[in-house]
Amino acid sequence: MPVETNNKMKAPRSRQFGGGLLILFTLLLLLNFVVPSFFGPRTPQIAYSDFVAQVQAGKVSQALITPDRIEFTLKPDPTTDSSQTQQAPRVYRTTPVPVDLDLPKILRDNNVEFGAPPPSNSGWIGTLLSWVAPPLIFFGIWAFLINRQGAGQASLTVGKSKARIYSEGSTGVKFSDVAGVDEAKAELQEIVDFLKNANKYTSLGAKIPKGVLLVGSPGTGKTLLAKAIAGEAGVPFFSISGSEFIELFVGVGASRVRDLFDQAKKQAPCIVFIDELDALGKSRAQGGMYGGNDEREQTLNQLLTEMDGFEANTGVILLAATNRPEVLDPALRRPGRFDRQVVVDRPDKIGREAILKVHARNVKLADDVDLGAIAVRTPGFVGADLANLVNEAALLAARNGRQAVVMADFAEAIERVIAGLEKKSRVLNDTEKKIVAYHEVGHAIIASLMPGAGKVEKISIVPRGVGALGYTLQLPEEDRFLMAEDEIRGRIATLLGGRSAEELVFSKVSTGASDDIQKATDLAERSVTLYGMSDHLGPIAFEKQQMQFLDGYQSPRRAVSPKVTEEIDREVKEIVDNAHYVALAILNQNRDLLEETAQDLLNREVLEGDTLRDRLQQATAPAETENWLLTGKLPENIPLMQETLA
Ligand code: ADP
Ligand code: ZN
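Values in this document were obtained by computation on a predicted structure and should not be read as measured data.

Undergrad: Honestly, the overall build of the protein in this entry has me stumped. Any pointers?
TA: A count of helical and extended segments in the protein gives 24 helices and 14 strands. Within the protein, counting contacts between residues at least 6 apart in sequence, those at least 24 apart form 75% of the total.

Undergrad: What should I look at first to understand a nonpolar patch on the surface in this one?
TA: A surface patch of nonpolar side chains, about 360 Å² in accessible area, is lined by Leu128, Trp131 and Val132. One can find Trp131 in helix α5 (residues 123-151). For Trp131, a relative accessible area of 68% gives the class exposed.

Undergrad: Even after reading the chapter, I still don't get the nonpolar core, so can you show me in this structure?
TA: Buried together is how nonpolar side chains tend to be arranged in soluble globular proteins. In this structure, Ile445, Ile492, Leu594 and Trp628 are the most contacted members of the largest nonpolar core, which totals 49 residues. Within the residue set of this core, elements represented by two or more residues are α17 (430-449), β12 (455-460), α18 (485-506), α19 (514-529), α20 (562-589), α21 (591-604), α22 (609-617) and α23 (624-631). At eleven residues, α20 tops the list of elements feeding residues into this core. Beyond its immediate stretch of four places on either side in the chain, Trp628 contacts Met450, Arg489, Gly490, Ala493, Asn578, Ala579, Val582, Lys633 and Leu634.

Undergrad: For this particular structure, what's the right way to read the sheet that holds strand β3 (residues 70-74)?
TA: The strands making up a sheet are joined through hydrogen bonds of the backbone, oriented either antiparallel or parallel. With mixed pairing, the five strands of this open sheet are ordered in space as β1-β4-β3-β2-β5. The open sheet has two edge strands, β1 (45-46) and β5 (113-115), and neither has a second partner. Inspection of the sheet shows strand β2 (residues 60-65) paired to β5 by three bridges, in the parallel sense. Bridge pairing in β5 links Ala63 to Phe114.

Undergrad: Please explain the packing of α18 against α19 as it appears in this structure.
TA: Where α18 meets α19, the closest approach of the two axes is 9 Å, and the angle between their N-to-C directions is 160°. Relative to α19, the element α18 lies roughly antiparallel. Once α18 is placed against α19, the crossing between them reads as left-handed. For the pair formed by α18 and α19, the contact residues are Ile488, Arg491, Ile492, Leu495, Leu496 and Arg499 on the first element and Asp516, Ile517, Lys519, Ala520, Leu523, Ala524 and Ser527 on the second. Residue composition of the contact of α18 with α19, grouped by class: eight nonpolar, one polar and four charged.

Undergrad: I'm lost on the coordination of the zinc ion (ligand 2) in this one. Help?
TA: Put simply, the ideal angle at a metal is 109.5 degrees for four donors in tetrahedral geometry and 90 or 180 degrees for six donors in octahedral geometry. Coordination of the zinc ion (ligand 2) by the protein comes from His439 (NE2), His443 (NE2) and Asp516 (OD), over a distance range of 2.0 to 2.1 Å. Each donor residue of the zinc ion (ligand 2) lies on one chain, and together they are spaced H-x3-H-x72-D. Of this pair, His439 and His443 both sit in helix α17, four residues apart, which is roughly one turn of the helix.

Undergrad: Which parts of the structure should I look at to understand the site of ligand 1?
TA: As a structural note, the neighbourhood of ligand 1 is formed by 15 residues, with Ala179, Gly219, Lys222, Thr223 and His359 the closest of them. A distance of 2.8 Å separates an oxygen atom of ligand 1 from a polar atom in the backbone of Gly219. Within the backbone of Lys222, an N or O atom sits 2.9 Å from an oxygen atom of ligand 1. Burial of ligand 1 by the protein amounts to 86% of the accessible area it has alone, namely 560 Å². Among the secondary structure elements, those contributing two or more residues to the shell around ligand 1 are α9 (222-233), α13 (349-360) and α15 (383-399). Considering every element that reaches the shell around ligand 1, the biggest residue donor is α9, with three residues. Here the shell around ligand 1 is built from residues that sort into six nonpolar, seven polar and two charged.

Undergrad: Whenever I open this one, the pattern of salt bridges confuses me. Can you help?
TA: In a structure, side chains of opposite charge can pair up when their charged atoms sit close to one another. Scanning all chains against the criterion turns up 19 salt bridges. Notably, a salt bridge pairs Asp409 with Arg402, separated by 2.5 Å at the nearest N-O pair. For Arg402, a relative accessible area of 34% puts it in the partly exposed group. For the salt bridge of Asp610 with Arg613, the shortest nitrogen-to-oxygen distance reads 3.2 Å. Of this pair, Asp610 and Arg613 both sit in helix α22, three residues apart, roughly one helical turn.

Undergrad: Looking at this model, I keep getting lost on the confidence of the model for the protein. Mind explaining?
TA: Should pLDDT be low for a region, the predicted coordinates there are not to be read in detail. Here the protein averages 77 in pLDDT, and 75% of its residues register 70 or above. By mean pLDDT, the top-scoring element of the protein is α21 (93), and the lowest-scoring one is helix α6 (residues 153-156) (44). Contacts from residues 1-15, a stretch scored under 50 in pLDDT, to residues over four places away or in other chains number 14 contacts. Counted against residues more than four places away or in other chains, residues 150-156, with its pLDDT under 50, gives 15 contacts.

Undergrad: Explanation requested: a negative patch on the surface in the structure shown.
TA: On the surface, Asp182, Glu183, Glu187, Asp348 and Glu608 cluster together to form a negatively charged patch. Ranked by residue count, the leading element in the negative patch is helix α7 (residues 182-196), at three residues. Residue placement: Glu183 occurs in helix α7.

Undergrad: Honestly, the packing of aromatic side chains in this entry has me stumped. Any pointers?
TA: For any pair of aromatic rings, geometry is given as the distance between the ring centres together with the angle between the planes. In the structure shown here, the tally under the stated rule is six aromatic pairs. When the ring of Phe51 is compared with that of Phe72, the centres are 4.7 Å apart and the planes differ by 45°; the resulting orientation is tilted. Of the two residues, Phe51 sits in helix α2 (residues 48-56) while Phe72 sits in strand β3, which places them 21 residues apart along the sequence. In this structure Phe51 comes out as buried when scored by relative accessible area, which is 0%. Judged by its relative accessible area of 0%, Phe72 falls in the buried class. Cluster of aromatic residues (ring-pair linked, three or more members): Tyr48, Phe51, Phe72 and Tyr92.

Undergrad: Before we go on, may I ask you to explain the packing of α18 against α23 in this structure?
TA: Working note: a packed helix pair is described by the angle between its axes plus the distance between those axes. Across the interface, α18 lies against α23 with an axial gap of 7 Å and an inter-helix angle of 120°. As the angle between them shows, α18 and α23 are arranged oblique. Residue-level contacts link Asp486, Arg489, Gly490 and Ala493 of α18 to Trp628, Leu629, Leu630 and Thr631 of α23. A per-class count over the contact of α18 with α23 returns four nonpolar, two polar and two charged.

What counts as what
- Residues numbered from 1 in each chain as written.
- Chains lettered and ligands numbered in written order.
- Predicted model: local features only at pLDDT ≥ 70, side-chain atom pairs only at ≥ 80, totals over all residues.
- Heavy atoms only, no water.
- Helix = DSSP H or I, 4+ residues; strand = E, 2+ residues; numbered from the N terminus.
- Contact = heavy atoms within 4.5 Å.
- Patch = residues over 30% accessible without salt bridge, like charges linked within 9 Å, V, L, I, M, F, W, Y side chains within 5 Å.
- Areas by Shrake-Rupley, 256 points an atom, 1.4 Å probe, with all protein chains shown as cover.
- Salt bridge = Lys/Arg side-chain N within 4 Å of Asp/Glu carboxyl O.
- Buried < 20%, exposed > 50% of the residue type's maximum accessible area, 1.4 Å probe, protein only.
- Core = buried A, V, L, I, M, F, W, Y, C linked by side-chain atoms within 4.5 Å.
- Pairing = 2+ DSSP bridges.
- Axes fitted to C-alpha atoms, helices over the stretch in contact; angles between N-to-C directions.
- Parallel < 35°, antiparallel > 145°, perpendicular 65-115°, else oblique.
- Left-handed = near helix turned anticlockwise from the far one by under 90°.
- Nonpolar A, V, L, I, M, F, W, Y, C, P; charged D, E, K, R; others polar.
- Donors = N, O, S within 2.8 Å, 3.2 Å for Na, K, Ca; no water.
- Near = heavy atom within 4 Å.
- Polar contact = N/O pair within 3.5 Å; in protein donor to acceptor, adjacent residues only side chain to side chain.
- pLDDT = per-residue confidence, 0-100.
- Lys, Arg positive; Asp, Glu negative; His and termini not counted.
- Charge placed at Lys NZ, Arg CZ, Asp CG, Glu CD.
- Phe/Tyr/Trp six-rings, centres within 6.5 Å; stacked < 30°, edge-to-face > 60°.

What follows is the structure, encoded as structure tokens:
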């Protein structure tokens with residue numbers, strides 16, 4: 001995110017206030033307690049026990065009893081001569097007095113005049129101060145420390161939202177500044193129209209959507225898109241990050257949300273942009289069973305309430321960005337909240353070229369620079385990486401004293417950015433790309449022959465999201481809530497298709513299939529232990545399905561005998577093995593198709609639409625597939641797998 005100016009000017013004032021308070025009250029305290037002991041009469045001090053001894057010896061004439069000590073006067077001593085008497089002091093103080101209920105009696109018995117001192121000269125102000133000052137000092141120190149921690153405004157302006165306000169049109173970003181994400185742009189274009197011509201929609205009784213969720217990897221341009229909407233529509237833009245709501249104190253987040261919406265409603269029509277929505281909107285179920293994060297939950301609840309609370313047509317449109325949509329609380333996605341989701345994907349080759357063009361607009365390029373060629377060499381780069389790349393190349397050119405940026409600068413910049421990126425995001429080398437291409441085509445070919453799973457829409461080797469090096473997008477033709485037995489088998493074979501293709505082509509496997517294998521095994525296990533699909537074991541649930549609303553929670557096994565456990569393991573293995581065999585057999589039979597499609601994918605990075613459909617239609621299934629789908633069984637004496645593959 002680029003740096004923006006914002007109105008955070010209040011911070012220094014509150015800091016000074018806290019500090020000033022501290023200094024003022026420390027001074028008052030000093031005056032009240034320390035000063036009298038410097039300037040007050042300096043009387044010698046003796047132990048309380050000595051005082052009592054003196055009284056009992058009859059040497060004391062007067063005693064002034066204050067709450068914490070006793071000031072007393074000795075009788076003139078007749079045994080010493082007068083010159084010494086003048087030097088020896090006659091007024092003494094005791095050390096602080098223990099509670100001694102016998103004291104009045106002792107004093108009376110020895111004829112000592114005693115009483116309380118006149119009220120101290122500091123008067124009621126001093127008394128008041130000595131009561132009020134300590135808590136105030138405590139507060140001062142506290143405010144001071146909090147300020148220093150940088151949580152600053154929280155202590156004194158608690159609950160004010162920190163949304164940065166951009167005045168009308170000042171985001172200065174237009175759709176033409178965003179490239180390579182055409183689908184997202186097309187969907188968001190509509191929002192601009194809502195903001196500009198609200199009447200057109202409201203006069204027909206249509207409700208303008210309130211919330212749009214932008215989903216995509218970091219740096220793909222989500223913030224930029226949100227700003228572009230505000231820029232195009234010429235409306236104010238409020239931006240705040242989800243993590244900024246959460247502070248030290250419970251309840252602050254909620255009041256910030258309230259404040260944000262208050263401000264936004266005053267400025268409507270406007271755009272409110274919440275970055276990193278996941279920081280705040282994490283599924284409440286994921287807090288664990290024993291209490292979650294109270295503050296976050298309260299904040300989230302407030303957000304939900306506010307979203308429900310304003311009328312659809314007030315002109316406030318909420319945009320939120322996240323790269324982890326799967327952790328979001330389902331309540332956020334309900335109708336009337338973030339019910340529109342726009343995917344901001346990593347750009348493909350053409351998209352990357354377009355983004356390079358946008359960022360090269362203000363850079364002097366030499367004639368030999370071919371942005372298309374640079375796009376080819378930067379698979380996996382997102383918009384932010386490409387912006388960085390152009391800048392890096394320009395810096396290199398300047399350092400080399402050139403008049404314009406040449407292709408060699410870009411080549412070096414790519415290396416720099418990749419070296420810096422390796423840990424952050426994945427950029428595949430050529431061998432890896434090849435493996436991923438065959439792997440994905442393997443999935444796609446099997447998927448196209450299996451029942452119920454829907455059409456293969458897209459294969460891509462542009463790395464995406466967390467962990468995915470490539471992906472095969474399969475869209476169901478309709479909503480499905482049940483999965484038949486043959487579909488489960490088909491799904492398992494599809495999952496194993498990637499690994500099978502690697503085995504077939506490279507005769508070795510890579511680590512890339514671990515997730516597929518995990519999913520395939522899980523599915524096979526569940527079909528036995530949960531769905532009761534095994535002929536041997538019958539419809540007995542071997543797992544307790546307890547927390548169906550908590551994802552990722554491994555349900556425990558029912559208590560089963562070791563024999564049954566063995567049986568389950570055998571069944572699961574048989575299901576997976578058979579599916580693996582079928583996957584290999586299918587790919588073996590379609591070997592040419594696999595090769596051609598993988599090469600094509602390597603060249604284009606993305607295969608979709610008619611091109612893909614035409615290819616996958618050529619796939620054929622071997623004879624044993626149909627029976628296997630129905631029964632899960634393979635012919636008795638199938639040739640050994642290795643022989644089939646040879
Ligand atoms: P996100 O919010 O998705 O993490 P940003 O919108 O903050 O990403 O992107 C950071 C910067 O990267 C932008 O300011 C812009 O310079 C550049 N950028 C990212 N995506 C694009 C894009 N699609 N087109 C042009 N520039 C982009
Ligand atoms: Zn895979």
